[in-house]
Amino acid sequence: MADTKNQKPDYERMLRKAGVRITRPRRVIVEILSASDDHPDALEIFRRASEIDPSLSLSTVYRTMKLLEGWAPSTATPSRAGRRVSSRPASITTT
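Each residue is numbered by its place in its chain's sequence as written, counting from 1. The model is predicted, so local features are restricted to residues of pLDDT at least 70 and side-chain atom pairs to those at 80 or more, both for listing and for counting; the totals for chains, interfaces and linings are taken over all residues. Hydrogen atoms and water are omitted, and side-chain values are computed over all heavy atoms in the structure.

**Quick notes on the confidence of the model for the protein**
Part 1 of the reasoning: Summarising the model, the protein shows a mean pLDDT of 77, and 65% of its residues fall at 70 or more.
Part 2 of the reasoning: pLDDT is a per-residue confidence score from the predictor, ranging from 0 to 100. Starting at the N terminus, helices and strands are each numbered in turn, a helix being any DSSP run of H or I of at least four residues and a strand any DSSP run of E of at least two. Looking across the protein, the model is least confident in strand S1 (residues 76–78), with a mean pLDDT of 47, and most confident in helix H3 (residues 42–52), with 96.
Part 3 of the reasoning: In what follows, residue pairs with any heavy atoms lying within 4.5 Å of each other are defined as contacts. Confidence over residues 73–78 falls short of pLDDT 50; this stretch has 20 contacts with residues more than four positions distant or in other chains.
Part 4 of the reasoning: Taken as a whole, residues 85–95 scores under 50 in pLDDT and shows 46 contacts with residues more than four places along the chain or in a different chain.

Here it is, written out as structure tokens:
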């Protein structure tokens, strides 16, 4: 029997199912999230993503995280700027 408790969400599949186009920047972001064992805030995701794609913007990270709300474990973490950043998005539902 597969251990689904430790299985990471397939963010790309969820975005596609919701009709969201998977651009290169979004793919980089969801790959970072899927590979992360920690709970990076938006600035950390941006730092990691910038190493892969220097043209990626911080606003793209925030927009992608907003699209993903509701699918990831519900943890809001403070960013380095002191704002609380949710790692789960709620704007897209899965059925």
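Further notes follow.
**Things to note about the side chain of Thr60**
Part 1 of the reasoning: Turning to its location among the elements, Thr60 is positioned in helix H4 (residues 58–68).
Part 2 of the reasoning: Counted as a polar contact is a pair of N or O atoms within 3.5 Å, where, for protein atoms, one must be capable of donating a hydrogen and the other of accepting one, and residues adjacent in sequence contribute only when both atoms are in side chains. Of note is the side chain of Thr60, whose polar atom sits 2.9 Å from the side chain of Ser57.
Part 3 of the reasoning: Within polar-contact distance, the side chain of Thr60 engages the side chain of Arg63 at 3.2 Å.
Part 4 of the reasoning: Setting aside residues up to four positions removed in sequence, Thr60 forms contacts with Pro25 and Ile29.

**Here's the deal with the pattern of salt bridges**
Part 1 of the reasoning: A side-chain nitrogen of Lys or Arg and a carboxyl oxygen of Asp or Glu constitute a salt bridge if their distance falls within 4 Å. Counted by the stated rule, this structure contains 9 salt bridges.
Part 2 of the reasoning: Among the ionic pairs, Asp38 bridges to Arg48, the shortest N-O distance being 2.6 Å. Taken together, the positions of Asp38 in the loop between helix H2 (24–35) and H3 and Arg48 in helix H3 put the pair 10 residues apart, joining distant regions of the chain.
Part 3 of the reasoning: The salt bridge involving Glu51 is made with Arg47; its shortest N-O contact spans 2.7 Å. Residue Glu51 and its partner Arg47 are located together in helix H3, separated by 4 residues, close to a single helical turn.
Part 4 of the reasoning: For every residue, the accessible area (1.4 Å probe, protein chains only) is compared with the maximum for its type, and the residue is labelled buried under 20%, exposed over 50%, or partly exposed between those bounds. Using a relative accessible area of 60% as the deciding quantity, one classes Glu51 as exposed.
Part 5 of the reasoning: One network of salt bridges, with partners in common, ties together Asp38, Glu44, Arg47, Arg48 and Glu51.

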